[in-house]
Structure formats: structure tokens, C-alpha cells
Amino acid sequence: MTATATTTRAIVTGGASDFRPRRSGSREQLISWAFLAPFLIAFVLFLAWPIIHGIYLSFTDQSLTGAGGGFVGFANYAEALTDPIMWQSMGNTVWFTLLSTVPLIVIALLMAALVDRGLPGQWLWRLSFFMPYLLASTVISQIWVWIFNPQIGAANNILKFFGLEPLAWLQNPETNMLSIVIATVWWTVGFNFLLYLAAMQNIPPQQYEAASLDGAGAWRQFWSITLPQLGPATVLILILQILASLKLFDQAYQMLGGVASDTTRSIVQYIYEAGFVSYRFGYSAAISYVFFALIVIIGVAQALITRRKKEQ
């Protein structure tokens, strides 16, 4: 009787202990899904559904006015791939990316090196370097429109001081892209500066102390210690900068007053013009996904190059 009762009690106890974690785990899953539900709903409404709907629109002749909407297959993509304005806009975007990426990396690196070396009043330098990044694109655009003003702008006053001829910076097709690049570098270099500064401050100071004991000067320390250890930060900044530059629109559109220029029209601006000026939503969506394919190709190429360098 005693052994049977003990066995029965053990079975009952074991069974209860088996069921309790399952009930607890099920409850925890419900709580987890309850916390995730608002974010999942926002993800579906504002990211997943627009992507799916955009793909659908790219296969239709939908208009902003509500007309059309019929299925046209790959006609929009075929037109986009043979559209000279689209390829010109793509070329302008790539050209802007090439012009802006190099100075945004080099200048940010120099700024971070100066602050990291212990300039007096570091808080003021950090604030002044990062402050432009906090301003809105409309503010930045208006500041530089006044700076590049042909009559009273500071840019031409500087040229006159050095005995050079004044320029119509934003009106001249040969200089308007350069003007946008200068404004963009001044506006966004502060973000790269902070990333470089954070990476430099993570380098152990003992390495610099050992190098100085071996007779290495400041330049040799920077070249042999600082730069090699900034490799991961440089790769990160390069990827972020390329992706940001490919999305050129705000400052170019605002600095030129919304006027489409053959030398400054970016691919994003052409997407805007196709959808909201020409009212061709379907064609605009097709251009968007051609541009998206280009970004994916660039991202995959960067990932392969980075992986190969790590392996080497």
C-alpha cells in the first residue's frame, strides 16, 4: 500500500511538473506576441504593405488622378531601361556619390584626429563640428543659397579676395553639382566625425605610449596605430555614406528651387517627377525598383569585397 501510494504520488507529481512549464511557456509566448503586435502591425502597414503594393503598381498604368490601373506587364520596366532621362539621372546620382563620399570620409577623419589629440575646448569643437548635422535640410539649403548668391554671397567674396572671377554657382551647369556637394559635405560631415572619434577613443592608450617610447612621432603613430584600427569604422562609414548619397533629393531640389537640371537631377527626383508631376504612378514605381536593384547590387558587392579583405 505504501509503495503503491508513493508511486502514484510520484507519477502525479511528475505529471504536474511536466504540465506547469508548458502552461508557463504558452503564457510567456502570448505575452511576447502581445508586446510584438504593435511593432508587427506598424511593420506591415508602413513597410511590408507599401513594398508589396509598389511592386503591384509597377506592373500597371496607374495614374495619380485615379485613371488607369490596368495590368501592363513589364512595359514600365522596358520603358525605364530605355529611358535616357532615367539613365542620366542615375549617372548624376552616381557622380554626386563619388564627389561627396571621399571628402566626407577624409575631412571627418581629420576633424576626429584633431579633437582626439586634445585640442583646447574640446566640447566646443565637438559641438561646432556636429551642429550642422542637426539642422533640417530646408535650413541648410537656404543658408547655402545665400552663400552662393552671385551678387552678395560669401563664396564670390572669397573668390574676389583671391583675385578670381565670381561664379554663378547654382545657375551654371558646370558648378551647380559642385555647389550641392559642398553644401552636403558641410551639412553631414559631423555624423562621420562622431563615428571616427568614437573609434579613435576605443584604441588603447598603451599602444601610443609604447610607440612613443620606441621613438615614434605623432605622424608615425597615426599612420601605424590609428589608421589600421580604424578599418572597421571606415568600412561602416563608407557603406552608410554611399547609401545616403544615393538618396540625393532634398538639398538639390531646394537649392535649385525645384527646377529640374540635366546636371543635378537625381534618380529620386526623377521618380518624384514621374509620379507627382507626370502623374504616372506605375512608371514611377518601376523606376523605384530599378533603383532598388542597383542599391542591392552595390550592397552585395561591398559585402563581398569586405569579406574578401577580412579573409586576407
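Heads up: these notes are all about the structure in this document.

Scoring rules and cut-offs
- Residues numbered from 1 in each chain as written.
- Predicted model: local features only at pLDDT ≥ 70, side-chain atom pairs only at ≥ 80, totals over all residues.
- Heavy atoms only, no water.
- Helix = DSSP H or I, 4+ residues; strand = E, 2+ residues; numbered from the N terminus.
- Contact = heavy atoms within 4.5 Å.
- Areas by Shrake-Rupley, 256 points an atom, 1.4 Å probe, with all protein chains shown as cover.
- Lys, Arg positive; Asp, Glu negative; His and termini not counted.
- Charge placed at Lys NZ, Arg CZ, Asp CG, Glu CD.
- Buried < 20%, exposed > 50% of the residue type's maximum accessible area, 1.4 Å probe, protein only.
- Polar contact = N/O pair within 3.5 Å; in protein donor to acceptor, adjacent residues only side chain to side chain.
- Patch = residues over 30% accessible without salt bridge, like charges linked within 9 Å, V, L, I, M, F, W, Y side chains within 5 Å.
- Salt bridge = Lys/Arg side-chain N within 4 Å of Asp/Glu carboxyl O.

### Quick notes on the overall build of the protein
Scanning the protein from N- to C-terminus turns up 13 helices and zero strands. Starting at the N terminus and walking to the C terminus, you meet the elements of the protein as α-α-α-α-α-α-α-α-α-α-α-α-α. Judged by the C-alpha coordinates and their principal axes, the protein covers about 115 × 75 × 40 Å. A sequence separation of at least 24 residues applies to 64% of the contacts in the protein between residues at least 6 apart. Per element, the accessible surface of the protein, about 19300 Å² overall, is 70% carbon and sulfur. One way to put it: in the protein the 16 positive side-chain charges average out to a point 16 Å from where the 14 negative ones average out.

### Observations regarding the side chain of Ser89
Along the chain, the position of Ser89 falls in helix H3 (residues 84-116). Classification of Ser89 by relative accessible area gives buried; the value is 0%. Within the local environment of Ser89, its side chain forms a polar contact with the backbone oxygen of Ile85, the two atoms lying 2.8 Å apart. In contact with Ser89, not counting residues within four places along its chain, are Arg265, Ser266, Ile267 and Tyr270.

### Here we look at unusual backbone geometry
Although it is not a glycine, Tyr279 sits at a positive phi angle of roughly 65°. By secondary structure assignment, the location of Tyr279 is in the loop between helix H12 (267-277) and helix H13 (281-311).

### A closer look at a nonpolar patch on the surface
A contiguous nonpolar surface patch, about 870 Å² in accessible area, is contributed by Trp123, Leu124, Leu127, Met131, Tyr133, Leu134, Phe191, Leu236 and Leu240. Of all the secondary-structure elements, those providing two or more residues to the nonpolar patch are helix H4 (122-130) and helix H10 (231-246). Among the elements that make up the nonpolar patch, the one with the highest residue count is H4 (three residues). Here Leu240 shows up in helix H10. A relative accessible area of 36% means that Leu240 is categorised as partly exposed.

### So, the pattern of salt bridges
Overall, the coordinates contain three salt bridges when judged by the stated rule. One salt bridge in this structure joins Glu79 and Arg280, with 2.9 Å as the shortest N-O distance. Remark: Arg280 occurs in the loop between H12 and H13 and Glu79 occurs in helix H2 (residues 75-81); sequence separation between them is 201 residues. Residue Glu79 is classed as partly exposed on the basis of its relative accessible area of 31%. Judged by its relative accessible area of 34%, Arg280 falls in the partly exposed class. Arg265 serves as the salt-bridge partner of Asp262, at 3.6 Å between the closest nitrogen and oxygen. Judged by relative accessible area, which is 47%, Asp262 ranks as partly exposed. What you see here is one network of salt bridges that share partners, running through Asp262, Arg265 and Glu273.

None of this, on its own, says anything about what the molecule does.
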